[in-house]
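Summary of the model geometry
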Amino acid sequence: MTTTTTGTPAVTGAVGAARTRLEGLAKVTGAARYAGEIPFAELAHGWMVLSTIARGRIRAVESAPVLAMPGVLAVLHHGNAPRVAGDYTGPLGAPDPVLQVFQHDRVPYVGWPVALVVAETPEQAREAAEALVVRYDQEPHEAVFSAGHPDRYTPQGSDSPAETEKGDLAAALAASAVVVDARYTTPEEHHHPMEPHAAMARWEGGRLEIVDSNQGSGFVAQELAHLFSLDPASVRVRSEHVGGGFGSKATRPHQVLAAMAATVLQRPVRVVLTRQQMFSLVGYRSPTAQRVRLGADADGRLRAFSHHAESVTSTVREFVERSADMGRVMYDADAHHTLHQVVPLDVPTPSWMRAPGEAPGSFALESALDELAEKCGVDPIALRARNEPESGPVSGLPFSSRQLQACFREGARRFGWAERDPRPGRRRDGRWLLGTGTAASQFAARAAPSTAAVTAEADGDFTVRITAADIGTGARTALTLVAADALGVPPERIRMRIADSDFGPAMIAGGSMGTRSWSWAVMAAAGELREQLALGGVIPPQGITVRSDTSAAIAALAATERHAFGAQFAEVAVDVTSGEVRVRRMLGTFAAGRIVNPLTARSQFIGGMTWGLSMALHEEAVRDRASGATVGADLAGYHVAAHADVPAIEADWVDDPDESDPVGIKGIGEIGVVGGAAAIANAVWHATGVRHRDLPIRPDRVLRAGDGGRPGS
């Protein structure tokens, strides 16, 4: 069976069969080298110095004593650093001002880069950096988020509108038999992969080479070419192994500073971030304050829907945590209103963090749906089924496929939902109150233009080159299976080469669209190559290379609402004497299109659900009002779920064919997070009869609620 240039895959059984990761052995034996540990001749080491004030100006950088310390080679700062460009549009829009590092004396937040000390060893660089004295002229600042802030505003110019509205909301609420009007909050959260951010830069053969830990080598190369006014062909970025990303490993200041220092010293320089530095330099999830208003008939059918979400942005760059987007897909009503507003503060700019918008938005929305079900006396799953939209509630577009109710049916069967007593506080196991809860999940299934090249080698194998990124998701293995099916050969005959910007433009690993975008490009190139070989009768192949570009095909996709969906279930135990909440089991059932590798897909779902558990019960970054800094900026002070906190988690999926899509992949990296926290919060209500509308559900909040205080206060 041949493969056409439209990308329709041949069938050899590779896709859909469980496969261990190609690089798995190298990773567990230590043979896989990460960006911070690859050796280079004459390598120097940079250590960043960050501001200790939240707003003001740099008055002086007292570098002379530091330059006299052993091994110190240079101290870069705003007074002597190379100039970089600022008036360009990069692959993700206008540059984050923090990338234009050392270009002025302004300090907009605690943790802003103010100097880089470069030395012969990391130890010398760190000692000198800690000894460097930087003097400031400090100004008043504001760094703590609160709902209803007087400076909040509605952002403009985003990819999607900040506000959507249809119908008369006030009239629909007034006419509703049942109304829910509730406020929810989520805290600042941080995405910290196990591997810290690291980059090595050097000039070789007239080209700037970066060996980095990133989520898209092509995007980083483009950004650096813009910043340093270089021909894009003179920048090469490689990132073979990445120890996690979650949205944090885009272009960040350490890559720019490594390139600056390599330019100044004319030798390789590596900059590695500390865990503490990551709290201000690599993005985070904004805190949110959300108000959800639902009006329904007595049987739970929605007549009014309103979701208003507020979040933080910095004073130097606008970022919107799009929490209200969740309802634009999930539920319809005669009157439907969503709104995003942002509060500018003297803090680092928030950024993409796994399931941006949908993660906090689903907590508020799916908790409110549970409250509506309680008020109506309707089963939460039945309530959601009654409010299934026939088309996009805001867009009006048809769904490419929507198997949400299939997820709920299968999940409810496996979880034993039918035996659930809907009344709260009825089940007990010794000192523990037991409860179960559920919530829906969704995440958009997008694709972005990408290129790939497939070469038929003389020995009968095939080499695939694509600037994809495997950040721990198993993408390298998934693409190998896709290529094998498209070529009609066993996976063992595929040589997969990824993460090198020289391979051409390709989508980053982000937005749950990496594997979908890359697979499309690989399928197109492999399909055309297979046709050429079949027509030419060349057996074995003789070094033919075919290159694909999916730009036109993606632009021609029919306009639809294309999403992955899911249903999450949780059982919790709550000790009301200590306030401890324990999750005993979780189940997620998803509809995510074509599953390429069941082994790694299940790991992705479970990883996301674990993140939802951590979000519900543990994660919370707090800013000190006086200093503007994060309190306890490390993994001792910022709590995440440990092994003892994570129960048996099950993840599975239902068939979700999409006949309109030549790839059929919907992306699975982020949907596992969505709805998990809400399912747990709903289970805590079922156990105790008390609603918690503020995350995380800490023991002190449980105790306060049990003593008659406002739930979650």
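Above this text sits the structure in question.
Residues numbered from 1 in each chain as written. Predicted model: local features only at pLDDT ≥ 70, side-chain atom pairs only at ≥ 80, totals over all residues. Heavy atoms only, no water.

With that settled, consider the environment of D421. With respect to the secondary-structure elements, D421 resides in the loop between helix 11 (404–415) and strand 16 (427–429). A relative accessible area of 27% places D421 in the partly exposed class. On a C-alpha basis, the gap between D421 and T436 in space is 9.4 Å, while along the polypeptide they are 15 residues apart. D421 has contacts with R426 and H686, leaving out every residue within four places of it along the chain. (Helix = DSSP H or I, 4+ residues; strand = E, 2+ residues; numbered from the N terminus. Buried < 20%, exposed > 50% of the residue type's maximum accessible area, 1.4 Å probe, protein only. Contact = heavy atoms within 4.5 Å.)

Let us now look at the side chain of T338. In this fold, T338 is placed in strand 15 (residues 335–345). At a separation of 2.5 Å, a polar atom in the side chain of T338 contacts the side chain of T164. Excluding anything up to four places from it in sequence, T338 contacts A162, E163, T164, F305, H307, A324 and R328. (Polar contact = N/O pair within 3.5 Å; in protein donor to acceptor, adjacent residues only side chain to side chain.)

Pairing in this open sheet of four strands is mixed, and the strands run 20-19-18-21 from one edge to the other. Edge strands, defined here as strands with exactly one partner in the open sheet, are strand 20 (494–498) and strand 21 (545–549). Ignoring which end each strand starts from, the neighbouring axes of this sheet average 15° apart. The pairing of strand 19 (residues 462–466) with strand 20 spans five bridges and is parallel. Considered in strand 20, the bridge of R465 is made with R497. (Pairing = 2+ DSSP bridges. Axes fitted to C-alpha atoms, helices over the stretch in contact; angles between N-to-C directions.)

Once that is clear, we can look at unusual backbone geometry. Apart from glycine, the bulk of residues carry a negative phi angle, and the bulk of peptide bonds sit in the trans form. P696 follows L695 through a cis peptide bond whose omega is -5°. Along the chain, P696 turns up in the loop between helix 16 (676–688) and helix 17 (699–706). Although it is not a glycine, S229 sits at a positive phi angle of roughly 55°. Mapped onto the fold, S229 is located in the loop between helix 5 (217–227) and strand 11 (235–238). Positive phi values are uncommon outside glycine, yet F246 reaches one of about 60°. Secondary-structure assignment places F246 in the loop between strand 11 and helix 6 (253–265). By relative accessible area, which is 29% here, F246 ends up partly exposed.

Let us look at the pattern of salt bridges. Between side chains of opposite charge, a pair can form as their charged atoms come close. Inspection of the entire model under this criterion finds 54 salt bridges. Taking the shortest distance from any N to any O, the salt bridge between R106 and E139 comes out at 3.0 Å. Of this pair, R106 sits in strand 4 (residues 106–107) while E139 sits in the loop between strand 6 (133–138) and strand 7 (163–166); the two residues are 33 residues apart in sequence, bridging distant segments of the chain. Classification of E139 as partly exposed rests on a relative accessible area of 26%. With a closest N to O distance of 3.1 Å, R267 and E120 form a salt bridge. (Salt bridge = Lys/Arg side-chain N within 4 Å of Asp/Glu carboxyl O.)

With their axes 7 Å apart at the nearest point, helix 15 (residues 598–617) and helix 16 run at an angle of 55° to one another. With respect to helix 16, the element helix 15 is oriented oblique. Along this stretch, helix 15 crosses helix 16, giving a crossing that reads as right-handed. Every residue of helix 16 that contacts helix 15 at G612, L613, M615, A616 and L617 is listed here: G676, A677 and I680. Class assignment of the residues belonging to the contact of helix 15 with helix 16 gives a composition of six nonpolar, two polar and no charged. (Parallel < 35°, antiparallel > 145°, perpendicular 65-115°, else oblique. Left-handed = near helix turned anticlockwise from the far one by under 90°. Nonpolar A, V, L, I, M, F, W, Y, C, P; charged D, E, K, R; others polar.)

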